Number of protein chains: 2
Amino acid sequence: MHEANILSISEADISHFSDRYRANLINCLSGYKSANLVGSKSPDGHENLAIVNSVFHIGANPPLMGMIMRPHTVPRDTLQNIKTTERFTLNNVPQSIIANAHQTSARYPADISEFNECGLTPVYQDDFAAPFVAESSLQIALELAEIKYLAINKTEMVIAHVKHIYAPQAALSNDGYLDHACLQSTAVNGLDGYYQGQKVARYAYAKAGVKPSKLAP
Amino acid sequence: MHEANILSISEADISHFSDRYRANLINCLSGYKSANLVGSKSPDGHENLAIVNSVFHIGANPPLMGMIMRPHTVPRDTLQNIKTTERFTLNNVPQSIIANAHQTSARYPADISEFNECGLTPVYQDDFAAPFVAESSLQIALELAEIKYLAINKTEMVIAHVKHIYAPQAALSNDGYLDHACLQSTAVNGLDGYYQGQKVARYAYAKAGVKPSKLAP
């Protein structure tokens, strides 16, 4: 990409950007990110809800998910609840609740429920201690496995076991594939951009010497 | 979600699924993931290219990105190259190269270049030691910062510094936002589903007591 309309941005350039410009740009580099709402509850009963775009797959067996938390930014109550109760939920963000989900990133006091403030409904299922989001089409119960401190930038990585999954039958294929277009899930671009997904294709397991082929829809 | 068409899948259910079913389902839980091609080169000059869907943002200042690598699966040559040379590239997957990018997940011998086998073009820029993908509209040079071993499931987390970014001017907003729809980037669903993104909206920085508002497009 050495054409005239291609920007070449060096490490020095990045260090000279304003904080906001740098935060926008670097947050966009990884590509589309998932939007998830983290539901938790403090030991004294205060419900908490925070949007995160840093959830990632760690492994399927055992089923593990991870997320990066910034203790100095908004979801600090959430992180404290996770550490104390070792239980939380992840809930997807269907297109219909994007504005509500984004609003959970505002700084509310710890004793204020983002569910109430942002117009989302807490729901409890199968005696799990943390609240799910009723409006979400994919709801996951998680139990804390461990927290790794990343000294390099003072963030914390939460690793958790998948305990329970609630999802509509219509979104699940015979082979375990869950279609996020069917779930109307939202993807995040950078810090504040929300996108819909449109399915292009699934591809068959790739083998050397065999041309790539699409799976039947 | 206690309606009849909502599936309730417990931890015990998950443990009884077949490996393939479980891999599909659990890989889908986190939501849309980014598709990235990791370019690397061995000390003896063999180029390597592998698709990964586990790249995530770690922090903007310093600019850091992370990815989870499974040493027992395909990108083992890539991981070895990263450990040895401490340099690699991340390149987005525009819709036009989805099939090529997916094909890099096949098991090729270490001395075979996935660039050649999968019809993608290596390109070198600004004396960086690792190859970029010429067909990608977003190209990032990275330097290894550290590797954390996740004993919980024997994976390795690569943390790397952003050294250089190449991106088309047209995709970059005045505030540093890089639009992946403009870049034609692909999102991944699960292990093998590829999706296009369609922008819904950007939202203003959320404040308690202030209604969520969209940014001007």
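Use the structure listed above.
Going along each chain's sequence as written, the residues are numbered from 1 onward. Labels follow written order: the first chain is A, the first ligand is 1, and so on. Where local features are concerned, this predicted model is filtered to residues with pLDDT of at least 70; where side-chain atom pairs are given and counted, the filter is 80 or more; whole-chain, interface and lining totals use all residues. By convention in this description, side-chain values take in all heavy atoms of the structure and omit both hydrogens and water.

Asks: For the state of the cysteines, give the residues involved together with the corresponding values.
Replies: Here, two cysteine sulfur atoms that lie within 2.5 Å of each other are counted as a disulfide. For the structure shown, the criterion picks out zero disulfides over all chains. Cys182 of chain A supplies the cysteine sulfur nearest to Cys28 of chain B, a cysteine that is in no disulfide, at a spacing of 12 Å.

Asks: Go over the packing of aromatic side chains, please, and point to the residues and values.
Replies: For any pair of aromatic rings, geometry is given as the distance between the ring centres together with the angle between the planes. Within 6.5 Å between ring centres, the rings of Phe, Tyr and Trp (the latter by its six-membered ring) count as paired, and their orientation is classed by plane angle as stacked under 30 degrees, edge-to-face over 60, tilted in between. Within the structure shown, the criterion is met by eleven aromatic pairs over all chains. Plain terms: the ring middles of Phe56 of chain A and Phe56 of chain B are 3.9 Å apart, the flat faces sit at 0 degrees to each other, and that makes the pair stacked. Here the residue Phe56 of chain A occupies a position in strand 5 (residues 55–60), and Phe56 of chain B occupies one in strand 5 (residues 55–59), the pair thus bridging two chains. Phe56 of chain B carries the same exposure label as Phe56 of chain A, and that label is buried. Aromatic side chains Tyr203 of chain A and Tyr194 of chain B sit 5.9 Å apart centroid to centroid with 75 degrees between the ring planes, which places their arrangement in the edge-to-face category. Helix and strand definitions follow DSSP, with helices as H or I runs of at least four residues and strands as E runs of at least two, each counted in order from the N terminus. Buried, partly exposed and exposed residues are distinguished by accessible area as a fraction of the type maximum, computed with a 1.4 Å probe on protein chains only: under 20%, between the cut-offs, and over 50%, respectively.

Asks: Just give me the short version of the interface of chain A and chain B, but keep the residues and values in it.
Replies: Note on interface size: it is often stated as the accessible area lost on association of the parts. Tallying the contact residues gives 111 residues for chain A and 111 residues for chain B. Summed over both partners, the accessible area lost on bringing two parts together, with a 1.4 Å probe, is the buried area. Summing both partners gives a buried area of about 9,700 Å² for chain A against chain B, and 59% of it is carried by carbon and sulfur. Take a side-chain nitrogen of Lys or Arg and a carboxyl oxygen of Asp or Glu: if they are within 4 Å of each other, that pair is a salt bridge. Taken together, chain A and chain B are joined by four salt bridges. For Lys163 of chain A, the salt bridge goes to Glu11 of chain B, with nearest N and O atoms at 2.8 Å. Polar contacts, as counted here, are pairs of nitrogen or oxygen atoms within 3.5 Å of one another; within protein the pair requires one atom able to donate a hydrogen and one able to accept it, and residues that are adjacent in sequence qualify only if both atoms are side-chain atoms. Between chain A and chain B we count 56 residue pairs in polar contact (both at pLDDT 80 or more) in total. Throughout this entry, Asp, Glu, Lys and Arg are counted as charged residues, while Ala, Val, Leu, Ile, Met, Phe, Trp, Tyr, Cys and Pro are counted as nonpolar. The remaining residues, Gly among them, count as polar. Of the residues that constitute the side of chain A that touches chain B, the class distribution is 55 nonpolar, 38 polar and 18 charged. Strands are labelled as partners when DSSP assigns at least two bridges between them. When strand 11 (residues 155–168) of chain A meets strand 1 (residues 6–10) of chain B, the two strands line up antiparallel, connected through five bridges. Looking at the pairing, Ala167 of chain A lines up with Leu7 of chain B of strand 1 of chain B. We call two residues in contact whenever any of their non-hydrogen atoms come within 4.5 Å of each other.

Asks: Tell me about the environment of Ile97 of chain A, and name the residues and values.
Replies: All names here are of chain A. Considering the arrangement of structural elements, one finds Ile97 in the loop between strand 7 (87–92) and helix 4 (98–103). When the C-alpha atoms of Ile97 and Gly119 are compared, they prove to be 9.0 Å apart, with 22 residues separating the residues in sequence. In this structure Ile97 touches Leu37, Asn92, Leu120, Glu135 and Ser136, once residues within four positions along its chain are discounted.

Asks: Provide a residue-level description of the pairing of strand 4 (residues 47–52) of chain B, including the pertinent values.
Replies: Residues and elements named next belong to chain B. Within strand 4, six of the six residues are buried, which leaves the element mostly enclosed by the surrounding structure. The alternating pattern of strand 4 places Glu47, Leu49 and Ile51 and Asn48, Ala50 and Val52 on opposite faces, both of which are buried. When strand 3 (residues 36–41) meets strand 4, the two strands line up antiparallel, connected through six bridges. Bridge assignment links Gly39 to a residue of strand 4, and that residue is Leu49. Connecting strand 3 to the next strand, strand 4, in antiparallel fashion are five residues, including Gly45 with a positive phi near 95 degrees.

Asks: Quick one: what's the story with the side chain of His180 of chain B, residue by residue and with numbers?
Replies: Structurally, the position occupied by His180 of chain B is in the loop between strand 11 (155–168) and strand 12 (186–189). The exposure class assigned to His180 of chain B is buried, which follows from its relative accessible area of 1%. If we ignore the near neighbours within four places in the chain, the residues touching His180 of chain B are Cys28, Gly31, Tyr32, Asn189 and Tyr195 of chain A together with Leu138 and Ser185 of chain B.

Asks: Any chance you could break down unusual backbone geometry for me, citing the residues and the numbers?
Replies: The residue after Asn61 of chain A, namely Pro62 of chain A, is reached through a cis peptide bond having omega 5 degrees. Structurally, the position occupied by Pro62 of chain A is in the loop between strand 5 and strand 6 (63–69). The backbone of Glu86 of chain B sits at a positive phi, close to 60 degrees, despite the residue not being glycine. Secondary-structure assignment places Glu86 of chain B in the loop between helix 3 (76–85) and strand 7 (87–92).

Asks: Before we move on, could you go through helix 2 (residues 19–29) of chain B and cite the residues and values that matter?
Replies: Residues and elements named next belong to chain B. Extensive coverage of helix 2 is indicated by the burial of nine of its eleven residues. When we look at burial in helix 2, the residues that qualify are Tyr21, Arg22, Ala23, Asn24, Leu25, Ile26, Asn27, Cys28 and Leu29. One or two steps after helix 2, the chain reaches Gly31, where phi turns positive at roughly 100 degrees.

Asks: Before we move on, could you go through the pattern of salt bridges and cite the residues and values that matter?
Replies: Residue and element names in this part refer to chain A. The full count for this structure, using the stated rule, is 16 salt bridges over all chains. One salt bridge in this structure joins Glu146 and Lys148, with 3.5 Å as the shortest N-O distance. Judged by relative accessible area, which is 24%, Glu146 ranks as partly exposed. Linking Arg202 and Asp175 is a salt bridge whose minimum nitrogen-to-oxygen distance equals 3.0 Å. Of this pair, Arg202 sits in strand 13 (residues 193–202) while Asp175 sits in the loop between strand 11 and strand 12 (186–189), placing them 27 residues apart in sequence. Looking at Arg202, the relative accessible area reads 8%, which means it is buried.

Asks: Which residues make up the sheet that holds strand 13 of chain A, and what are the values?
Replies: The six strands are arranged 2(A)-12(A)-13(A)-13(B)-12(B)-2(B) in an open sheet whose pairing can be described as antiparallel. Where the open sheet ends on each side, the last strands, each with one partner, are strand 2 (33–34) of chain A together with strand 2 (33–34) of chain B. Of the strand pairs in this sheet, strand 12 of chain B and strand 13 (residues 193–202) of chain B are connected by four bridges, and their pairing is antiparallel. In the sheet register, Thr186 of chain B faces strand 13 of chain B, and the bridge partner there is Gln196 of chain B.

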